[in-house]
Amino acid sequence: MIAQKVAVRPDPDTLAALEEVAFVYPNGVVALAGLELRVAAGSFTCLVGPSGCGKTTALRLLAGLLAPSRGRIRRSMRGPGEVALVFQDPTLLPWATVRDNVELPLRLRRIARREARREVERALDLVGLGEVADAYPHELSGGMRMRVSLARALVSRPKLMLLDEPFAALDEITRFRLDDELLTAWGSQGWGVVFVTHSVFESVYLGQQVLVMTPRPGRIAARIAVPEPYPRTPAFRASERYLRLCSRVSEALERAADASA
Amino acid sequence: MRSRARTERLLSGLLVAALLGGWEAVVRLGEIPAYILPGPLLVAEALWRDWTVLGPALLTTLAIAGLALLAAAAGGGLLAVLLALSRWLEAGLLPLAVTLQVVPVVSIAPLVLIYVEEVTLALVLCAWLVAFYPVFSNTLFGLKHTDPMLRDLFRLYGASRLQRLYYLELPSALPHFLAGLRISGGLALVGAVVAEFAAGTAGARAGLAFRLLEAGWRLDMPRMFAALLLLALSGVAIHGLLALLQRWLLGRRYPRMREDR
Ligand SMILES: Nc1ncnc2c1ncn2[C@@H]1O[C@H](COP(=O)(O)OP(=O)(O)OP(=O)(O)O)[C@@H](O)[C@H]1O
Ligand SMILES: [Mg+2]
């Protein structure tokens, strides 16, 4: 059903693209209308927009979990496991330990146990959960569960990494640390990233570009480039240009909200 | 917590003692003859005196109920897995299973007893017919109602049908399977008793239900009550064993399921 609408075109640079995409839920809610979004290999795009504007819907379309009602999706990926999606909720197997949850994508790909375990330990250390590897999800805090879900996406070594407000439930210090860890991992593994966030500050700190969406039905209202080289450091957060970019994103959000009201 | 559990146990012990004491008192003070209502002391005496008859009968009935329960667990679980894997089988077999469930055993038992010559086997078959459905339908429900977000995750990771069964559906269904098994445990005993009533097996292979009937024909009320008591205790024991099994299998992996009784 989905295959019909996805035209796979060999285009080495574009991992996935939404072209004039509209999406209507079965109950008639028009979540997206005329959305244009292209994810290039190795790029880092942040997506901000008011609650309910269709950000999650857009990610699910990019992941291939939904088919568009109108418009087209182009995806250059074929194999399973090439897309990782960190859902807005942790979405863990409740009966499996933290370690087994993170190992799941590797098991499904039948990767040798020894190698898998090594990757899992690395990812768990990266998100700061090495200590609780044997705990069950219900024994963790909400923020810890979210980090497990992030570790699971990291081990799957995708080409396209979709993150849906992954750090919204974390305190600021942890969040800053994980932002940096994510950037480091991205730098070494070079996925194309779409990062959804409610935080204007986070979007500017992380992305090469920030896309601002309108209220529902969502489409791109503004595209703000962040011409700051990586690695980004805390000094960037304190800089004049950072704050200027942040206020540009904020203004774009307000304009988008006013225009639709 | 622990002291509260102890208090509860003490209270229920006292309640049972009070009931038995009251019963004995009513029988003695009211001078009710034993062929109408025997007191608990007389029942205990009958249990002791007739143990050579009741003991083997108890074993027979327990064996029938136990075998039926095992067969129900294996058959119900396996059939549920098959139906979950194949829509075809589900369309074909589900109506049959439901039909078997709604036909009262009492009415099938004589038929089964005609066709199956080996009496014990026939009794087990009857008890199995009663016990089968709860395990089966609960397991099928658990297999089919997995978390949709987790299903999306498995899809993204390109899990095969069998991987989804093994890593997602079977663990999701385990608590439902065990809940079904607890219902089936009680029903297996009911089925065994009803089938024995219908079969009326006398002699060395007679079960508790037949001994109960026999005592009734002889107006041996104390023995009738003793047999009844053994049946009740069997039910309690089966229930308790299955609760232990449930707790042991779910352990700390399934947080919410453990509380319910
Ligand atoms: N399964 C669904 N069925 C019907 N409507 C839905 C469904 N999922 C989402 N919607 C609607 O579609 C719109 C977009 O939802 P979506 O989850 O994409 O928003 P979002 O931008 O991710 O919001 P948030 O920032 O709060 O997570 C919302 O108005 C929501 O009510
Ligand atoms: Mg969302």
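Position labels on residues start from 1 in each chain and follow its written sequence. Going through the entries in the order they are written, you letter the chains from A and number the ligands from 1. For a predicted model such as this one, the threshold for reporting local features is a pLDDT of at least 70, and the threshold for listing and counting side-chain atom pairs is 80 or more; totals across whole chains, interfaces and linings nevertheless cover every residue. For side-chain calculations, the full set of non-hydrogen atoms in the structure is used, while hydrogens and water are omitted.

Moving on: the overall build of chain A. Each helix is a run of DSSP H or I of at least 4 residues and each strand a run of E of at least 2, with the numbering of both proceeding from the N terminus. Across its full length, chain A carries eight helices and ten strands. For 261 residues, the compact-globule formula gives about 18 Å, and the C-alpha radius of gyration of chain A, at 18 Å, lands near that figure. Dimensions of chain A, computed from C-alpha atoms along their principal axes, come out at roughly 50 × 50 × 35 Å. Per-residue accessibility, obtained with a 1.4 Å probe over protein chains only, is compared with the maximum for each type, and a residue is labelled buried under 20%, exposed over 50%, and partly exposed between these values. Taking all 261 residues of chain A together, 55% fall into the buried category. For this analysis, residues touch if any pair of their heavy atoms sits within 4.5 Å. Within chain A, contacts between residues at least 6 apart in sequence are counted, and of these 72% link residues at least 24 apart. What sets the accessible areas is the Shrake-Rupley method with a 1.4 Å probe; for residues, cover comes only from the shown protein chains. On chain A, roughly 11400 Å² of surface is accessible, and the fraction owed to carbon and sulfur atoms is 52%. Atoms counted for the radius of gyration: C-alpha only. Globule rule: 2.2 Å times residue count to the power 0.38.

Our focus in this paragraph is the interface of chain B and chain A. Between chain B and chain A, the contact holds 20 residues from the first and 28 residues from the second. Summed over both sides, the interface of chain B with chain A buries roughly 2300 Å², with 65% coming from carbon and sulfur. By convention in these notes, a salt bridge is any Lys or Arg side-chain nitrogen within 4 Å of a carboxyl oxygen on Asp or Glu. Linking chain B to chain A there are two salt bridges. At the level of elements, helix H7 (148-156) and helix H8 (161-199) of chain B are the ones that each hand at least two residues to the side of chain B that touches chain A. At seven residues, H7(B) tops the list of elements feeding residues into the side of chain B that touches chain A. Here the term charged refers only to Asp, Glu, Lys and Arg, the term nonpolar to Ala, Val, Leu, Ile, Met, Phe, Trp, Tyr, Cys and Pro, and the term polar to all other amino acids, Gly among them. Here the residues of the side of chain B that touches chain A are counted per class, giving twelve nonpolar, four polar and four charged. Accessible surface is computed with a 1.4 Å probe, and the buried area is the amount of it that two parts give up when combined, taken over both parts together.

With that settled, the discussion passes to the coordination of the magnesium ion (ligand 2). Residues and elements named next belong to chain A. Excluding water, the donors of a metal are its N, O and S neighbours within 2.8 Å, or within 3.2 Å for Na, K and Ca, and that exclusion means sites may look incomplete. Protein coordination at the magnesium ion (ligand 2): the donors are Thr56 (OG1) and Gln88 (OE1), at 1.9 to 2.3 Å from the metal. In this pair, Thr56 is assigned in helix H1 (residues 55-63) and Gln88 in the loop between strand E6 (83-86) and helix H2 (98-108), connecting sequence segments 32 residues apart. Assessed through its relative accessible area of 30%, Thr56 is described here as partly exposed. By relative accessible area, which is 37% here, Gln88 ends up partly exposed.

All right, on to helix H5 (residues 105-115) of chain B then. Residues and elements named next belong to chain B. Among all positions in H5, only Val105, Ile108, Ala109 and Val112 are buried. Down the axis of H5, the sector holding all buried residues measures 115°, keeping them to one side. Pointing more than 90 degrees away from the buried face of H5 are the exposed residues Val106 and Ile114. Elements in contact with the buried residues of H5: helix H6 (119-144) and H8. In this description, one arc is meant: the one made by directions from the helix axis to the C-beta atoms.

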